[in-house]
Amino acid sequence: MTRAYPDGSAETGVPAGRDGPAPVRAAPRGGAAETVVVDQRGQIPWLAVSPEQKPIASSSAAQLRTQRTAVVELLRVAPVADEVARRFEAAGHELYLVGGSVRDALLGRLGTDLDFTTDARPEQVVELLTGWADAIWDTGIEFGTVGATRRGSTLEITTFRADSYDRVTRNPEVVFGDHIDDDLLRRDFTVNAMAVRLPERRFVDPHDGMTALLERRLDTPATPEESFADDPLRMLRAARFVAQLGFRPAPRVVTAMREMADQIDRITAERVQAELSKLLSGPHARQGVELMVDTGLADRVLPEVPAMRLEIDEHHQHKDVYQHSLVVLDQAIELENADPDQDGPDLVLRMAALLHDIGKPATRRFEAGGGVSFHHHEVVGAKMTRRRLRELRYSKEFVTQVSQLVYLHLRFHGYGTGQWTDSAVRRYVTDAGDLLPRLHKLVRADCTTRNRRKAAALQRSYDDLEERIARIAAEEDLQRVRPDLDGNEIMRLLGLPPGPLVGRAWSHLKELRLERGPLSRDEAEAELRAWARSEGIDPPAAG
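Residues numbered from 1 in each chain as written. Predicted model: local features only at pLDDT ≥ 70, side-chain atom pairs only at ≥ 80, totals over all residues. Heavy atoms only, no water.

**Student:** Which residues make up the packing of helix H21 (residues 500-516) against helix H22 (residues 521-534), and what values do they have?
**Tutor:** Direction vectors running N to C along H21 and H22 enclose 130°, while the axes themselves pass 11 Å from each other. On the basis of the axis angle, H21 is oblique to H22. For the crossing formed where H21 meets H22, the hand is right-handed. In this structure, H21 contributes Leu501, Arg504, Ala505, His508, Leu509, Leu512 and Arg516 to the contact, and H22 contributes Ala524, Glu527, Leu528 and Trp531. Split by residue class, the contact of H21 with H22 holds seven nonpolar, one polar and three charged. (Axes fitted to C-alpha atoms, helices over the stretch in contact; angles between N-to-C directions. Helix = DSSP H or I, 4+ residues; strand = E, 2+ residues; numbered from the N terminus. Parallel < 35°, antiparallel > 145°, perpendicular 65-115°, else oblique. Left-handed = near helix turned anticlockwise from the far one by under 90°. Contact = heavy atoms within 4.5 Å. Nonpolar A, V, L, I, M, F, W, Y, C, P; charged D, E, K, R; others polar.)

**Student:** Go over the environment of Gly487 with me, naming the residues and quoting the values.
**Tutor:** Looking at the secondary structure, you find Gly487 in helix H20 (residues 487-494). Distance in space between the C-alpha atoms of Gly487 and Gly503 is 7.7 Å, their sequence separation being 16 residues. If sequence neighbours within four positions are ignored, Gly487 has contacts with Val502 and Trp506.

**Student:** Which residues make up the nonpolar core, and what values do they have?
**Tutor:** Among the nonpolar cores identified, the biggest contains 112 residues, and Phe116 and Tyr428 are the most heavily contacted of them. For this core, the element with the most residues is helix H7 (residues 233-245), which contributes nine residues. Not counting residues up to four positions away in its chain, the partners in contact with Tyr428 are Arg411, Phe412, Trp420, Leu436, Leu439, Val443, Tyr462, Leu465 and Ile469. Counting 16 residues, the second-largest nonpolar core is a separate cluster that includes Leu485, Leu496, Leu512 and Leu519. (Core = buried A, V, L, I, M, F, W, Y, C linked by side-chain atoms within 4.5 Å. Buried < 20%, exposed > 50% of the residue type's maximum accessible area, 1.4 Å probe, protein only.)

**Student:** How would you explain unusual backbone geometry if you had to name every residue and give the values?
**Tutor:** A cis amide bond links Leu198 to the next residue, Pro199, at an omega of 5°. Relative to the helices and strands, Pro199 is located in the loop between strand S13 (195-198) and strand S14 (202-204). Even without being a glycine, Arg216 presents a positive backbone phi close to 55°. Of the residues examined, Arg216 reaches a relative accessible area of 36% and is grouped as partly exposed.

**Student:** I'd like a description of the packing of aromatic side chains, backed by residues and values.
**Tutor:** Per the stated rule, a full pass over the model turns up five aromatic pairs. Aromatic side chains Phe189 and Phe241 sit 5.8 Å apart centroid to centroid with 90° between the ring planes, which places their arrangement in the edge-to-face category. In this pair, Phe189 is assigned in the loop between helix H4 (180-185) and S13 and Phe241 in helix H7, connecting sequence segments 52 residues apart. Assigned by exposure class, Phe189 and Phe241 land together as buried. Directly above the aromatic system of Phe241 lies the positively charged group of Arg240, at a separation of 4.9 Å from the ring centroid. (Phe/Tyr/Trp six-rings, centres within 6.5 Å; stacked < 30°, edge-to-face > 60°. Lys NZ or Arg CZ within 6 Å of the ring centre and 35° of its normal.)

**Student:** So what's going on with the pairing of strand S9 (residues 145-150)? Residues and values would help.
**Tutor:** The buried count for S9 comes to five of six residues, which makes it a mostly enclosed element. In this sheet, S9 lies alongside strand S8 (residues 135-137) in antiparallel orientation, the contact comprising three bridges. Across the sheet, the residue bridging to Ala135 is Thr149, located in S9. Pairing geometry for S9 and strand S10 (residues 153-159), over six bridges, is antiparallel. Paired with Thr149 across the two strands is Thr154, which belongs to S10. Counting the residues in the hairpin turn of S9 and S10 gives two residues, including Arg151, whose phi is positive at 45°. (Pairing = 2+ DSSP bridges.)

**Student:** Account for the pattern of salt bridges, with residues named and values stated.
**Tutor:** Scanning all chains against the criterion turns up 33 salt bridges. A salt bridge links Arg201 to Asp82; the shortest N-O distance between them is 2.3 Å. Taken together, the residues span a long stretch of sequence, with Arg201 in the loop between S13 and S14 and Asp82 in helix H1 (residues 61-90) at a distance of 119 residues. The buried category is assigned to Asp82, whose relative accessible area is 8%. (Salt bridge = Lys/Arg side-chain N within 4 Å of Asp/Glu carboxyl O.)

**Student:** Account for the side chain of Arg240, naming residues and giving values.
**Tutor:** With respect to the helices and strands, Arg240 occurs in helix H7. Residue classification places Arg240 among the buried residues on the basis of a relative accessible area of 8%. Beyond its immediate sequence surroundings of up to four residues, Arg240 is in contact with Glu275, Lys278 and Leu279.

**Student:** With reference to specific residues and values, describe the confidence of the model for the protein.
**Tutor:** Confidence in the prediction for the protein averages 82 pLDDT; 80% of positions are at 70 or higher. Note that residues 1-59 has pLDDT below 50 and, in this model, 119 contacts with residues that lie over four places away or in other chains. (pLDDT = per-residue confidence, 0-100.)

Written out as structure tokens, the structure reads:
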């Protein structure tokens, strides 16, 4: 028995026995907490399980914890969800919380973006939301989706779909359906094919998504071949869910991905880029990349990564450069997570970590004595990075940042035990610019040797470099390295009009600034005049 309160909270009247579970307390936003009890059978008391769904093992502790989490999460959004559901019910329509919203509630990570599905047609949805929602938009109405906001929550309500696909593009022929089961069958994965009918809160799970979620297993409602033929982007989404949620794909999903990897060519570069970015931003990014490579997807969308599998690195400490790059990615994420100033995943750093050695296959040379070298692989790799990221339609800024990190990642290895001059340190900082904090992380992550003594020595050397950077920065304001004379002063002292000669003079003074540090005014003017004479310029007499 469930008792509802005017503020949207609820109390389930299944009393806990002596051996029963502890009550779960939940409250509406800004309201007082009420007690919700999950019974010993492990069911969600206020979600009447649909009789059509398959029975699942309800006694496991994991399922009980998952369902308790769902109670709290769904009660948190209950006021808004129940309000909109009552409007649909009064008009004779069905409304379900669906897909990722149900999955995320069960995982304890439900946000304020809520997905619903309904038998109401889009124009009816707009009519039902008018006067209730704070705002309404219909940019997706041709696909049956109407968006709205209400008291801080964002709702997307989509009419049941029963689409068909031409299997040439990923664009469906939009067909509205009449039944929730048809809608759930067309969804990408079983963990996204669960629904809760509102306002009665009946849990609908015809494809056993709850069990798949508990087992962290990724499977499809229809056969994977049928699902991926309809929309090949789902293969990349599988890798993304592995990276985001730590799920493992069912064997039949992996088999279908291998057999159908070439179908990803039907997908636009922009959509591939969006999925790849989400994948690399996940906490299990390495596993997502490995699935892409193992199934052949990476050969189609990021071929430089699997190309590293056959390349032995110069230290002979890793099976191949590919495995080394995965370790660097893992270690970059660890450094990112340990940074108290880091706000969320750093896609620039993660992409650079994954791609930093892609120039090695093209630069591999077998040396006398059995050694292997990859001279200038950072230069080649930076060019390859720019080309690949441009093809994936990343922004110009993103391409520039990632390729510059790839270009600079090897420079530290000339530092040794501190032999760099202050001039070299200045150049390192100036060339990195705003990327310096990321470069610090990338260089440290790139230390993957299993020799503990060597690893410790490398870390000590980089500690020393960072200390020198801090010292010189405090003395000279390295973040603002500029020539000691600006362009206007150069033109006045040399009697030059604006033009290329002024730029060359400016560059000469900047090189001096990097080499020698700050110059006095007299020193800077003397150096400028000496340069001008060497260039055949007769500067006016000093006045």
